[in-house]
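If you want the building blocks of each chain, they are given just below.
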Amino acid sequence: MFNALEFVPPRHVQKTFQDLQTFDFFVSEDENWDDDFREFLDYFDRTWMGSTGKAILTSYKWNGFEAFRDGLPKTSNNVDG
């Protein structure tokens, strides 16, 4: 689900990321699951979101909403010979 954030309008990415974390799908009675999920969320936030500081890759580099909306290619395959 988190990879779908690429197609969310940039101004809604942070809120959508927060909303995804509260889905019942991610709630478990297993403490190991919770620890693993929290570790994933921390990584995802540090790397892609930057909620707690500066992200390694800012959303303007990875968000493809406008490109998808405008029908632009996602790769450079269209210019390969």
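Everything in this summary refers to the structure shown in the same document.

Looking now at a negative patch on the surface. Residues Asp34, Asp35, Asp36, Glu39 and Asp42 make up a contiguous surface patch of negative charge. Within the secondary structure, Asp36 sits in helix 2 (residues 31-49).

A word on the nonpolar core. In terms of nonpolar packing, the biggest core is built from 12 residues, these being Phe2, Leu5, Val8, Val13, Phe17, Leu20, Phe26, Phe37, Leu41, Phe44, Met49 and Trp62. Elements represented by at least two residues in this core include exactly helix 1 (13-20) and helix 2. Tallying contributions element by element places helix 2 first for this core, with 4 residues. Aside from chain neighbours lying at most four places away, what touches Phe26 is Met1, Phe2, Leu20, Trp33 and Phe37.

Next up on the list: the side chain of Asp45. Looking at the element boundaries, Asp45 is found in helix 2. No salt bridge is formed by the buried Asp45; the nearest opposite charge belongs to Arg38, separated by 7.4 Å. Once residues within four sequence positions are removed from consideration, Asp45 is found in contact with Phe17, Gly50, Ser51 and Thr52.

With the rule as written, the count across this model stands at 2 salt bridges. In this structure, Asp19 and Lys15 form a salt bridge, with 2.7 Å as the shortest nitrogen-oxygen distance. One end of the pair is Asp19 and the other is Lys15, both in helix 1 and 4 residues apart, which spans about a single turn. Residue Arg69 pairs with Asp70 through a salt bridge whose shortest N-O separation is 3.0 Å. The exposed category is assigned to Arg69, whose relative accessible area is 51%.

This paragraph deals with the packing of aromatic side chains. Within the structure shown, the criterion is met by 8 aromatic pairs. With centroids separated by 6.0 Å and ring planes inclined at 70 degrees, the aromatic side chains of Phe2 and Phe17 adopt a geometry described as edge-to-face. Taken as a pair, Phe2 in the segment before helix 1 and Phe17 in helix 1 lie far apart in primary sequence, 15 residues in all. Using a relative accessible area of 3% as the deciding quantity, one classes Phe17 as buried. Ring centres of Phe2 and Phe37 lie 6.4 Å apart, and the angle between their planes is 50 degrees; on these two criteria the pair is classed as tilted. Pair noted here: Phe2 is in the segment before helix 1 and Phe37 is in helix 2, with a separation of 35 residues, a long-range link. We note that Phe2, like Phe37, is buried.

The rules behind these values
Residues numbered from 1 in each chain as written. Predicted model: local features only at pLDDT ≥ 70, side-chain atom pairs only at ≥ 80, totals over all residues. Heavy atoms only, no water. Patch = residues over 30% accessible without salt bridge, like charges linked within 9 Å, V, L, I, M, F, W, Y side chains within 5 Å. Areas by Shrake-Rupley, 256 points an atom, 1.4 Å probe, with all protein chains shown as cover. Salt bridge = Lys/Arg side-chain N within 4 Å of Asp/Glu carboxyl O. Lys, Arg positive; Asp, Glu negative; His and termini not counted. Charge placed at Lys NZ, Arg CZ, Asp CG, Glu CD. Helix = DSSP H or I, 4+ residues; strand = E, 2+ residues; numbered from the N terminus. Core = buried A, V, L, I, M, F, W, Y, C linked by side-chain atoms within 4.5 Å. Buried < 20%, exposed > 50% of the residue type's maximum accessible area, 1.4 Å probe, protein only. Contact = heavy atoms within 4.5 Å. Phe/Tyr/Trp six-rings, centres within 6.5 Å; stacked < 30°, edge-to-face > 60°.

Keep in mind that these numbers describe shape and distance, not what the molecule does.
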